[in-house]
Amino acid sequence: MSHYEDVFTSFGIAFVAIGQVLVLSSMWKLGITGTYLGDYFGILMKERVTSFPFNVTEHPMYNGSTLIFYGTAFWYKSLAGVIMSELVWISYFIYSTLFEGPFTTMIYEKAAKEKSGSKDKDE
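What you see is a predicted model, and the numbers here were worked out from it, not measured in a lab. (Residues numbered from 1 in each chain as written. Predicted model: local features only at pLDDT ≥ 70, side-chain atom pairs only at ≥ 80, totals over all residues. Heavy atoms only, no water.)

A. Highlighting the packing of helix α1 (residues 3-35) against helix α2 (residues 60-75). Running from N to C, α1 and α2 cross one another at 155 degrees; their axes reach a closest spacing of 7 Å. Viewed along their axes, α1 and α2 adopt a mutual orientation that is roughly antiparallel. The handedness of the crossing between α1 and α2 comes out as left-handed. Per-class residue counts for the contact of α1 with α2 are 17 nonpolar, ten polar and no charged. (Axes fitted to C-alpha atoms, helices over the stretch in contact; angles between N-to-C directions. Helix = DSSP H or I, 4+ residues; strand = E, 2+ residues; numbered from the N terminus. Parallel < 35°, antiparallel > 145°, perpendicular 65-115°, else oblique. Left-handed = near helix turned anticlockwise from the far one by under 90°. Nonpolar A, V, L, I, M, F, W, Y, C, P; charged D, E, K, R; others polar.)

B. Quick look at the environment of Y76. Mapped onto the fold, Y76 is located in the loop between α2 and α3 (79-122). Considered as a pair, Y76 and F8 are 68 residues apart in the sequence and their alpha carbons are 8.3 Å apart.

C. Local environment of the packing of aromatic side chains. This model, assessed by the stated rule, comprises nine aromatic pairs. Judged by centre distance (6.0 Å) and plane angle (80 degrees), the ring pair of F11 and F15 falls under edge-to-face. Of the two residues, F11 and F15 are both situated in helix α1; the distance of four residues between them amounts to about one turn of the helix. By relative accessible area, which is 44% here, F11 ends up partly exposed. Aromatic side chains Y95 and F99 sit 6.1 Å apart centroid to centroid with 35 degrees between the ring planes, which places their arrangement in the tilted category. Of this pair, Y95 and F99 both sit in helix α3, four residues apart, which is roughly one turn of the helix. Since its relative accessible area comes to 30%, Y95 is described here as partly exposed. (Phe/Tyr/Trp six-rings, centres within 6.5 Å; stacked < 30°, edge-to-face > 60°. Buried < 20%, exposed > 50% of the residue type's maximum accessible area, 1.4 Å probe, protein only.)

Note that all results are geometric; they support no functional claim without further evidence.
What follows is the structure in structure tokens.
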């Protein structure tokens, strides 16, 4: 194996490992409901999660899975895999920036306002 193949394999393994940490730790923090669109059905966490891995990246599942795709492409030295990973990253970026991020911000702000409004009524 040449030096360049070792470098690609090493980067691939590192990307897959980092991606797995991001994905699995975000699933751990969010639980089943938070992971699988609970907020779209009105099932919210008590407050928005801001601890690890969400303090490292706003969208750890998307970024983690993209790192896994890139890592696999590097590991197998696949140019087609790198191109497909780039297309996935672009798709995730557009979706998370234009839709999911603003929606999540809106629903948690709305929930906070409703919660503070109900406290005012109780006093």
